[in-house]
Amino acid sequence: MVTGGAGFIGSNFVHYLLEKYPDYRVLVFDKLTYAGNLANLADLAGHPRYHFVRGDICDAEAVRAAIRQYDIDTIVNFAAETHVDRSIMDADAFIRTDIYGTYVLLEAVKEFRLERFHQVSTDEVYGEVLEGSSVETDPLRPRSPYAASKAGAEHLVQAYFVTYGLPVTITRGSNNIGPYQYPEKVVPLFITNAIDDLPLPLYGDGTQQRDYQYVLDHCEGIDIVLHHGKPGEAYNLGTGVETRNIDMARLILRLLGKPESLIQFVKDRPGHDRRYSINCDKIKALGWRSRHTFEEALEKTVRWYVEHEEWWRPLKSGEYKEYYRRQYLQR
Ligand code: NAD
Ligand code: TYD
């Protein structure tokens, strides 16, 4: 059962799983919030090993019914509110889904004695890391409402391992880029704006750093931890190489043949974490390697958005426009 499987990473993971494991059946359980999109899974309609249930992970009855009906043995939890800027505007849904929803899933894992629960977490739980790189034993010091809600979820996952012995694993992934990412996150936002000759709103001085990894590398890492990770353990998952936002923006413009004058420096995000950096030796010891450099990942991503306007254009209307106005007009 892949919760949040209609979102960006979840839908990539579902495709990856069905292709790699010819004997796996996959149930996507997704609330279809603004970020969930059945178009991400459209090619799977009629696939004999794929099923979809629209449901909320906060709804214990719906979760239990799906586990029973589809005879679930494993849950991989992608379902979450995921955008830092939205969490700054209003954290309510983050606390509900990311924390309470994870609790509901853990209770179901306990009740039905499932074989494995995997929590898809983030490097943002470590908080800002100005020097060096985070290792898995570092304390969690989240600084945004989003990161705090993901850290809360992780603490529950660890607590259920210690208290009830549930078979859980956690990955702390860095920023993903690739096909099907909702165009509010920086990379698809900048690519789609640049295609339309609209400004690229760069927060602060643009020197903040992120470890941008290709989404399928992340999916492969989750797969490896799911099958070979040690219960009760967390694994950092990223390239281990950080890029400044300004360099990311310049490369997007270069790949699209657009002028750097499209970059517009705007007011910074409150509490903006200047840098995340993770040490990935632990997952590498399981045999995982990142297959894409940042440049390769960005090039593939730019190409996908150029070739799939029919996917993203409809998303940049309605609710999106209202969000965009609230987020950027005053900046
Ligand atoms: P996304 O916002 O694209 O998708 C989230 C999905 O969860 C959507 O399909 C949405 O409909 C669903 N959802 C939301 N609330 C739900 C609920 N209450 N019940 C059921 N479904 C619900 O997110 P994403 O970028 O694909 O991220 C997926 C996961 O990976 C999240 O847990 C996120 O914290 C984590 N993560 C993301 C990144 C990244 O760079 N995007 C990096 C590391 C970790
Ligand atoms: P984002 O994609 O929101 O991911 P996160 O904050 O979860 O890492 O943002 C990535 C980086 O890009 C982050 O340093 C904030 C910056 N950013 C901008 O400069 N402008 C924007 O419009 C957005 C959305 C983000």
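A few points on the structure. Just so it is clear, the structure is predicted and the values come from calculations on it, not from any experiment.

1. Points about the layout of surface pockets
Then comes step 1: The computed volume of the largest pocket comes to approximately 410 Å³.
Then comes step 2: Forming the walls of the largest pocket are 19 residues, and the residues nearest its centre are Met1, Tyr24, Arg25, Asp73 and Thr74.
Then comes step 3: For the lining of the largest pocket, the secondary-structure elements that each account for two or more residues are strand 2 (26-30), strand 4 (74-77) and helix 7 (215-228).
Then comes step 4: Tallied by class, the residues present in the lining of the largest pocket amount to ten nonpolar, three polar and six charged.
Then comes step 5: Along its surface, the second largest pocket is lined by Tyr34, Glu81, Arg86, Met89, Asp90, Ala93, Phe94, Glu319, Glu322, Tyr323 and Arg326.
Then comes step 6: Broken down by secondary-structure element, the contributors of at least two residues to the lining of the second largest pocket are helix 3 (84-89), helix 4 (92-112) and helix 12 (319-328).
Then comes step 7: Take the lining of the second largest pocket: its biggest share by element is four residues, from helix 12.
Then comes step 8: For the lining of the second largest pocket, a count of residues per class yields five nonpolar, no polar and six charged.

2. Considerations on the pattern of salt bridges
Then comes step 1: Per the stated rule, a full pass over the model turns up 24 salt bridges.
Then comes step 2: Its salt-bridge partner being Glu111, residue Arg64 comes within 3.1 Å of it at the nearest N-O pair. Residue Arg64 is found in helix 2 (residues 60-70), and its partner Glu111 is found in helix 4; the two are separated by 47 residues along the sequence.
Then comes step 3: Of the residues examined, Arg64 reaches a relative accessible area of 25% and is grouped as partly exposed.
Then comes step 4: Classification of Glu111 by relative accessible area gives partly exposed; the value is 42%.
Then comes step 5: A salt bridge links Asp205 to Arg274; its shortest N-O distance comes to 3.7 Å. Linking Asp205 in the loop between strand 8 (200-203) and strand 9 (209-210) with Arg274 in the loop between strand 13 (263-266) and helix 9 (281-284), this pair joins segments that are 69 residues apart in sequence.
Then comes step 6: Since its relative accessible area comes to 42%, Asp205 is described here as partly exposed.
Then comes step 7: Look at Arg274 and you get partly exposed, because its relative accessible area is 32%.

3. Let's talk about the packing of helix 6 (residues 186-195) against helix 10 (residues 294-307)
Then comes step 1: Contact geometry of helix 6 with helix 10 gives a least axis separation of 10 Å together with a crossing angle of 50°. When the interaxial angle is binned, helix 6 and helix 10 end up oblique. In terms of crossing hand, the pair formed by helix 6 and helix 10 is right-handed. Contact residues: helix 6 offers Val187, Pro188, Ile191, Thr192 and Ile195, while helix 10 offers Leu298, Thr301, Val302, Tyr305 and Val306.

4. Observations regarding the pairing of strand 6 (residues 168-173)
Then comes step 1: With six of its six residues buried, strand 6 lies for the most part within the structure.
Then comes step 2: Of the two faces of strand 6, the one carrying Val168, Ile170 and Arg172 and the one carrying Thr169, Thr171 and Gly173 are both buried.
Then comes step 3: Across six bridges, the pairing between strand 5 (residues 116-122) and strand 6 is parallel. Bridge pairing in strand 6 places Phe117 opposite Val168.
Then comes step 4: For the crossover from strand 5 across helix 5 (residues 145-164) to strand 6, the handedness is right-handed.
Then comes step 5: Summarising the sheet, strand 6 and strand 11 (residues 234-237) pair through four bridges and their orientation is parallel. Within strand 11, the position partnered with Thr171 by the bridge is Tyr235.

5. Side note on the sheet that holds strand 2
Then comes step 1: Taken together, the seven strands give an open sheet; going across it, the order is 3-2-1-4-5-6-11, and neighbouring strands pair in parallel fashion. Every interior strand has two partners, whereas the edge strands, strand 3 (50-54) and strand 11, have only one.
Then comes step 2: When strand 1 (residues 2-3) meets strand 4, the two strands line up parallel, connected through two bridges. Pairing of Val2 across the sheet is with Val76, part of strand 4.
Then comes step 3: Packed onto the sheet, helix 5 meets strand 5, strand 6 and strand 11 and runs at close to 155° relative to strand 5.

6. Comments concerning the site of ligand 2
Then comes step 1: Taken together, 20 residues lie near ligand 2, and Glu124, Arg210, Arg269, His272 and Tyr328 sit nearest.
Then comes step 2: At 2.7 Å, a backbone N or O of Pro201 approaches a nitrogen atom of ligand 2.
Then comes step 3: In this structure, an oxygen atom belonging to ligand 2 sits 2.6 Å away from a side-chain N or O atom of Tyr328.
Then comes step 4: Considering ligand 2 on its own, with 510 Å² of exposed area, one finds that the protein chains cover 98% of that surface.
Then comes step 5: Among the secondary structure elements, those contributing two or more residues to the shell around ligand 2 are helix 3, helix 6 and strand 8.

7. A few points about the packing of aromatic side chains
Then comes step 1: Per the counting criterion, the structure on display carries 17 aromatic pairs.
Then comes step 2: Note on Tyr100 and Tyr103: the rings are 5.3 Å apart at their centroids and 50° apart in plane angle, and the pair reads as tilted. Placement of both Tyr100 and Tyr103 in helix 4 is noted, with a separation of three residues, approximately one turn of the helix.
Then comes step 3: Owing to a relative accessible area of 32%, Tyr103 belongs among the partly exposed residues under this scheme.
Then comes step 4: Aromatic side chains Tyr324 and Tyr328 sit 4.5 Å apart centroid to centroid with 40° between the ring planes, which places their arrangement in the tilted category. Taken as a pair, Tyr324 and Tyr328 lie in helix 12 at a separation of four residues, close to a single helical turn.
Then comes step 5: By relative accessible area, Tyr324 is classed as partly exposed at 23%.
Then comes step 6: The exposure class of Tyr328 is buried, given its relative accessible area of 12%.
Then comes step 7: Chaining the aromatic ring pairs together yields one cluster made of Tyr34, Tyr182, Tyr203, Tyr320, Tyr324 and Tyr328.
Then comes step 8: Across the ring face of Tyr164, the terminal group of Lys110 is positioned such that the distance to the ring centre comes to 4.5 Å.
Then comes step 9: When the ring centre of Tyr203 is taken as origin, the NZ or CZ atom of Arg331, which lies over that ring, is 4.7 Å away.

Rules and cut-offs
Residues numbered from 1 in each chain as written. Chains lettered and ligands numbered in written order. Predicted model: local features only at pLDDT ≥ 70, side-chain atom pairs only at ≥ 80, totals over all residues. Heavy atoms only, no water. 1 Å grid on protein atoms, 1.4 Å probe; cavity = no way out; pocket = protein on both sides within 12 Å on 5 of 7 lines; lining within 4 Å. Points joined across faces, edges and corners; volume = space filled by probe spheres on them. Helix = DSSP H or I, 4+ residues; strand = E, 2+ residues; numbered from the N terminus. Nonpolar A, V, L, I, M, F, W, Y, C, P; charged D, E, K, R; others polar. Salt bridge = Lys/Arg side-chain N within 4 Å of Asp/Glu carboxyl O. Buried < 20%, exposed > 50% of the residue type's maximum accessible area, 1.4 Å probe, protein only. Axes fitted to C-alpha atoms, helices over the stretch in contact; angles between N-to-C directions. Parallel < 35°, antiparallel > 145°, perpendicular 65-115°, else oblique. Left-handed = near helix turned anticlockwise from the far one by under 90°. Contact = heavy atoms within 4.5 Å. Pairing = 2+ DSSP bridges. Right-handed = clockwise from strand over helix to strand, strands pointing away. Near = heavy atom within 4 Å. Polar contact = N/O pair within 3.5 Å; in protein donor to acceptor, adjacent residues only side chain to side chain. Areas by Shrake-Rupley, 256 points an atom, 1.4 Å probe, with all protein chains shown as cover. Phe/Tyr/Trp six-rings, centres within 6.5 Å; stacked < 30°, edge-to-face > 60°. Lys NZ or Arg CZ within 6 Å of the ring centre and 35° of its normal.

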